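Below are the chains, spelled out letter by letter.
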Amino acid sequence: ICGFFIKYKILSFIILFIPIEQILSQLMNEVLLHFVRPKPLVKLDYSEGIPDDQKTMVVIPTIISDTDKITKMFDLLETYYIMNNKSDNLYFTLLGDVKSSSKEVEDYDKEVSSFGEKYAASLNKKYGKDLFYFLYRKRKYNLHEGEYLGYERKRGALVQFNQILLGKMDDKTNKKYFNVNMLYNKKLGVKYVITLDVDTRLVLNSALNLVGCMAHPMNRPVLNKA
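Residues numbered from 1 in each chain as written. Predicted model: local features only at pLDDT ≥ 70, side-chain atom pairs only at ≥ 80, totals over all residues. Heavy atoms only, no water.

Asker: If you had to explain helix 5 (residues 153-165) to someone new, which residues and values would you point to?
Answerer: Between its first and last C-alpha, helix 5 extends 19 Å over 13 residues, near the 18 Å set by a 1.5 Å rise per residue. Those residues of helix 5 lying buried are Gly-156, Ala-157, Leu-158, Gln-160, Phe-161, Ile-164 and Leu-165. Those residues of helix 5 that are buried are in contact with strand 1 (56-63), strand 2 (90-97), strand 3 (132-137), helix 6 (171-177), strand 6 (178-181) and strand 7 (192-195). The positive-phi residue at the C-terminal boundary of helix 5 is Gly-167, with phi of around 70°. (Helix = DSSP H or I, 4+ residues; strand = E, 2+ residues; numbered from the N terminus. Expected span 1.5 Å × (residues − 1). Buried < 20%, exposed > 50% of the residue type's maximum accessible area, 1.4 Å probe, protein only. Contact = heavy atoms within 4.5 Å.)

Set out below in structure tokens:
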């Protein structure tokens, strides 16, 4: 065994370093907890609901290629709505991105577009107000990737999403990049966006707590013009 470690010094170093690094990291965390106490962030109490000037959108950006995933994602968003006291001024969007392909349009795109829009509409009808929205992007040819995909992938989807919320997307751009955009020309006055990954959970009242934290005067960002 000793001969093996001497002969393969680099490999031996890697094998030994990984567990040692984990142990040292854990020890360092334990030490820091005794000397550096966490500082709680002050927040406003929005347990009774979010005010009109703090409207918030919860969005899940994800690649969609079938209707089952749309059902699963909207069921999650509906659960988050219920877990946050069915608060007013809290909206939910499934931001569907396209799966990369050698073709600009896939056979399932039309079905996904129609199903997602109808599913969101059915939830809005269920709760008697427009809370849930569905967006489904179009593919654009990417020279570097050599195939069709959503413009700049997830980053591009979120940039465009913010442009829509700010009312900065015109009709031509909307038609160029989206198969479905239920938010187009909707003047919701959204101030905050909570972006979730597919495997991130918005637990009980967490949206209300997050908005209350962001809205508190002591936590508001200040622009340093210099």
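Structure's up, so let's keep going.
Asker: Now, about a nonpolar patch on the surface: what can you tell me, with residues and values included?
Answerer: Side chains of Met-28, Val-31, Leu-32, Phe-35 and Val-36 sit close together on the surface and give an oily, nonpolar patch of about 520 Å² of accessible area. Note on placement: Val-31 falls in helix 2 (residues 9-35). (Patch = residues over 30% accessible without salt bridge, like charges linked within 9 Å, V, L, I, M, F, W, Y side chains within 5 Å. Areas by Shrake-Rupley, 256 points an atom, 1.4 Å probe, with all protein chains shown as cover. Salt bridge = Lys/Arg side-chain N within 4 Å of Asp/Glu carboxyl O.)

Asker: Tell me about the pairing of strand 7, and name the residues and values.
Answerer: Look at any regular strand and the pattern is simple: side chains alternate between the two faces of the sheet. The two faces of strand 7 differ: Tyr-192 and Ile-194 on one face are buried, but Val-193 and Thr-195 on the other face are not. As defined by bridge partners, strand 1 adjoins strand 7 across 4 bridges and the pair is classed as parallel. From the neighbouring strand, Thr-56 faces strand 7, where its bridge partner is Tyr-192. (Pairing = 2+ DSSP bridges.)

Asker: Quick rundown of the nonpolar core? Include the residues and the values.
Answerer: With 52 residues, the main nonpolar core has Met-57, Phe-74, Leu-77, Phe-132, Phe-134 and Leu-183 as its most contacted residues. The greatest single-element share of this core, amounting to 7 residues, is contributed by helix 3 (residues 67-83). Setting aside residues up to four positions removed in sequence, Phe-134 forms contacts with Ile-64, Ile-70, Phe-74, Leu-94, Val-112, Ser-113, Gly-116, Glu-117, Ala-120, Val-180, Asn-181 and Met-182. (Core = buried A, V, L, I, M, F, W, Y, C linked by side-chain atoms within 4.5 Å.)

Asker: Account for the sheet that holds strand 1, with residues named and values stated.
Answerer: Strand order in this open sheet of 5 strands is 6-3-2-1-7, and the pairing throughout is mixed. Looking at which strands have only one partner, the edges of the open sheet turn out to be strand 6 and strand 7. Between one strand and the next, the sheet's axes are offset by a mean angle of 20°, whatever the strand orientation. Pairing of strand 2 with strand 3, which is carried by 5 bridges, proceeds in the parallel orientation. The residue of strand 3 that forms the bridge with Leu-95 is Leu-135. In the packing of helix 4 (residues 109-127) onto the sheet, contacts are made with strand 3 and strand 6, and the angle to strand 3 comes to roughly 170°. (Axes fitted to C-alpha atoms, helices over the stretch in contact; angles between N-to-C directions.)

Asker: For the pattern of salt bridges, give the residues involved together with the corresponding values.
Answerer: By the definition in use, this model includes 10 salt bridges. For Asp-88, the salt bridge identified is with Lys-129, shortest N-O distance 3.0 Å. One end of the pair, Asp-88, is in the loop between helix 3 and strand 2; the other, Lys-129, is in the loop between helix 4 and strand 3, with 41 residues separating them in the sequence. Judged by its relative accessible area of 45%, Asp-88 is partly exposed.

Asker: Pulling in residues and values, what's your account of the packing of helix 3 against helix 4?
Answerer: Geometry of a packed helix pair, given as the angle between the helix axes and the separation of the axes. Contact geometry of helix 3 with helix 4 gives a least axis separation of 10 Å together with a crossing angle of 25°. With respect to helix 4, the element helix 3 is oriented roughly parallel. The handedness of the crossing between helix 3 and helix 4 is right-handed. Two secondary-structure elements touch here, helix 3 through Thr-67, Ile-70, Thr-71, Phe-74, Asp-75, Glu-78, Tyr-81 and Ile-82 and helix 4 through Glu-111, Val-112, Phe-115, Gly-116, Tyr-119, Ala-120, Leu-123, Lys-126 and Tyr-127. Its residues assigned to classes, the contact of helix 3 with helix 4 comprises 10 nonpolar, 3 polar and 4 charged. (Parallel < 35°, antiparallel > 145°, perpendicular 65-115°, else oblique. Left-handed = near helix turned anticlockwise from the far one by under 90°. Nonpolar A, V, L, I, M, F, W, Y, C, P; charged D, E, K, R; others polar.)

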